[in-house]
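For reference, the chains in residue letters:
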Amino acid sequence: MSRKKPLTEKELIAAFEEDFDEDVPLDMSDEDSDDSLQDPHYNPDKSTDNDEDNATGEETLLPVSVSSTMQKLRQVVAQNASAGGKPPASPVDFENIVWTDPTGRQQHFPFIGKSGQKICIDETLVPFRGRLSFRQYIPSKRHRYGIKLYKLCTDKGYTWNMSIYVGKDNTEDRTQSASQNVTMKLIEELLNEGRTLFVDNFYTSMPLAYQLLAQKTHLIGTLRANRKYISPAVKDAKLAKNQIIAKETPDGVTILKWRDQRDVRMLTTCHSGSETVVTRNKHGKEKIKPKCIVDYDHGKFLVDVSDQLASYNTALRRCSKWYRKLLIEVLWGTALVNASYLYNENSVNKENMNITLFRQSVVSSLLETSTKSASSSSRRNSRGNAVRHLVTHEAKKRARCVSCYSMYGKNGKIVDGKKKMASQDITVCDECEGNPHFCKDCFNNNH
């Protein structure tokens, strides 16, 4: 059977605009049944050399009703497929990217956001060694086993967004990689504002770079050697120490390799491969580095800052319930670090409070709130904390309860038709001033 030409756009539109209510049987018995759309003299009862299924003269008739539109649409799609038709091409043909030498031009988007031009995405672990289906093992972390969190941080470790990894997500876009789906989910509300995203080699890829460029967001990250669509000239180059090789695309994506102690591969959309800076190591020796690597070093530590601040005076303890650990880490770790950042940014006296003092002030405020209902006679110890009132001894003589006496007086008081008097007890409170007497009910109500 000869291969037919794909239908043109006008022919497709004409096919869709036809009167589908016409009572015409549609033959879907084999792949050649779509000839009825092209040849008005097509007869399914006549067999051909290439059509053995129709040799018996039988045909399969489908009812023509509301579903006839869908049946005809399927025939049109089947005809295009049999004629070599292909789905619309991707906006970027990654298989045929043109790589050129560095041109020195830079592409910059104007930053229109309120804060956080530099943002960073990385993963962190909440330590947990119990049984859990989505427990992760990351040997590079201090706590190798735990619950993995994806975090997006901005200035000074402020966590803007966070996602918990709970296993494979079947609802995600399967045409993209898992790392690309996570990145776009976290950064969704920060796009089209001219920001620069810093990621490690787990996230960096050519499709992600183009997807962010289309939404006015730059990408800088380290690159794995086995990533797809990178320049073979950069990938296979053998470099001497401090030597640099770079290639660019017409869209402004730069792939770079720099040889230090080992090969360092970078992908950037806001630097040219020819940009270098002179730096000094701890011994004062000068070294020439690509500018994208220097900027990466200054932008990639944002998540590390958040984790470091959360680790000071941590409230995590050994526990068999994973959700308790996760809740404590989010509230006492991430949320408190964010609160500290906002407090220092909006402080009236412009004096920054470190995270340890901020935690102490939060705890003191909570303790003051919890003891606000205590009596005014309560005393505090040298640290300023409320002292717990206890009955440590009993008096030799009975005396009226000070609380009952303040309500009923010396001669008593009529309440609900009954006369009530202040009770006499031998129990005293050693912490209150004057060691007053209290009955059991009044002691509990006033302390």
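Before going into details, it helps to say that this report is about the structure given with it. (Residues numbered from 1 in each chain as written. Predicted model: local features only at pLDDT ≥ 70, side-chain atom pairs only at ≥ 80, totals over all residues. Heavy atoms only, no water.)

The next subject is the overall build of the chain. A count of helices and strands for the chain gives 11 helices and 17 strands. Counting the 447 residues in the chain, one finds 35% classified as buried. The long-range fraction of contacts in the chain, counting pairs at least 24 apart against all pairs at least 6 apart in sequence, stands at 57%. Roughly 28,500 Å² of accessible area belongs to the chain as shown, and the carbon and sulfur atoms make up 50% of that amount. (Helix = DSSP H or I, 4+ residues; strand = E, 2+ residues; numbered from the N terminus. Buried < 20%, exposed > 50% of the residue type's maximum accessible area, 1.4 Å probe, protein only. Contact = heavy atoms within 4.5 Å. Areas by Shrake-Rupley, 256 points an atom, 1.4 Å probe, with all protein chains shown as cover.)

Okay, the side chain of T268 next. If you trace the backbone, T268 turns up in strand β11 (residues 263–268). Among the polar contacts made by the side chain of T268, one reaches the main-chain amide nitrogen of C270 at a distance of 3.3 Å. Once residues lying within four places of it in the same chain are set aside, the contact partners of T268 are L219, I220, G252, V253, T254 and C292. (Polar contact = N/O pair within 3.5 Å; in protein donor to acceptor, adjacent residues only side chain to side chain.)

We now examine the pairing of strand β9 (residues 244–248). By the bridge criterion, 5 bridges tie β9 to strand β10 (residues 254–259) in an arrangement that is antiparallel. Residue pairing in the sheet places I245 in a bridge with K257 of β10. Count of turn residues in the β9/β10 antiparallel hairpin: 5 residues, of which G252 carries a positive phi of about 95 degrees. (Pairing = 2+ DSSP bridges.)

This paragraph deals with the pairing of β10. Of all 6 residues in β10, 5 are buried; the element is thus mostly enclosed. Here 6 bridges tie β10 to β11, and the two strands are oriented antiparallel to one another. Along β11, the bridge assignment pairs T254 with T268. Linkage of β10 to β11, two consecutive antiparallel strands, is achieved through a turn of 3 residues.

Right, let's talk about the nonpolar core for a bit. The nonpolar side chains of a soluble globular protein tend to be buried with one another. Counting residues in hydrophobic clusters, the biggest one holds 28 residues, and the most contacted among them are I187, L197, M206, L212, L219 and L267. Elements with a minimum of two residues in this core: β3 (118–127), β5 (145–153), α3 (178–186), β7 (196–199) and α4 (206–213). Examining the composition of this core, we find that 6 residues originate from one element, α4, more than from any other. If sequence neighbours within four positions are ignored, L197 has contacts with I119, C120, I121, T183, I187, L212, H218, L219 and I220. Core analysis: the second largest hydrophobic core is formed by 10 residues, A246, W258, C292 and I293 among them. (Core = buried A, V, L, I, M, F, W, Y, C linked by side-chain atoms within 4.5 Å.)

With respect to the secondary-structure elements, S133 resides in the loop between β3 and β4 (136–137). Sequence separation of S133 and G167 is 34 residues, and the distance between their C-alpha atoms is 7.9 Å.

This brings us to the packing of aromatic side chains. Overall, the coordinates contain 8 aromatic pairs when judged by the stated rule. Considering the side-chain rings of Y343 and F358, the 5.7 Å spacing of their centres and the 45 degrees angle between planes classify their relative orientation as tilted. Here Y343, found in helix α8 (residues 322–345), pairs with F358, found in helix α9 (residues 355–370); they are 15 residues apart in sequence, far enough to count as distant. Its relative accessible area of 37% is what places Y343 among the partly exposed residues. Directly above the aromatic system of Y165 lies the positively charged group of K148, at a separation of 4.9 Å from the ring centroid. (Phe/Tyr/Trp six-rings, centres within 6.5 Å; stacked < 30°, edge-to-face > 60°. Lys NZ or Arg CZ within 6 Å of the ring centre and 35° of its normal.)

Once that is clear, we can look at the packing of helix α7 (residues 302–311) against α8. The N-to-C vectors of α7 and α8 enclose an angle of 120 degrees; their axes lie 9 Å apart at closest approach. One way to sum up the angle between α7 and α8 is to call them oblique. In this structure, α7 meets α8 at a crossing whose hand is right-handed. Taken together, the residues of α8 that come into contact with α7 (itself represented by S306, L309 and A310) are E329, G333 and V337. Partitioning the contact of α7 with α8 into residue classes produces 3 nonpolar, 2 polar and 1 charged. (Axes fitted to C-alpha atoms, helices over the stretch in contact; angles between N-to-C directions. Parallel < 35°, antiparallel > 145°, perpendicular 65-115°, else oblique. Left-handed = near helix turned anticlockwise from the far one by under 90°. Nonpolar A, V, L, I, M, F, W, Y, C, P; charged D, E, K, R; others polar.)

Quick look at unusual backbone geometry now. The phi angle at Y229 is positive, at roughly 65 degrees, despite the residue not being glycine. By secondary structure assignment, the location of Y229 is in the loop between β8 (218–222) and α5 (232–235). With phi around 55 degrees, N313 is a residue other than glycine that occupies positive phi space. Following the sequence through the fold, N313 ends up in the loop between α7 and α8. Owing to a relative accessible area of 48%, N313 belongs among the partly exposed residues under this scheme.

When two helices pack together, you describe them by how their axes are tilted relative to each other and by the distance separating the axes. As a packed pair, α3 and α4 sit with axes 10 Å apart at the nearest point and diverge in direction by 25 degrees. Compared by their axis directions, α3 and α4 come out roughly parallel. Seen along the crossing, α3 lies across α4 with a hand that is right-handed. For the pair α3 and α4, contact is made by Q180, T183 and M184 and by P207, L208, Q211 and L212, respectively. Looking at the contact of α3 with α4 residue by residue, the class counts come to 4 nonpolar, 3 polar and no charged.

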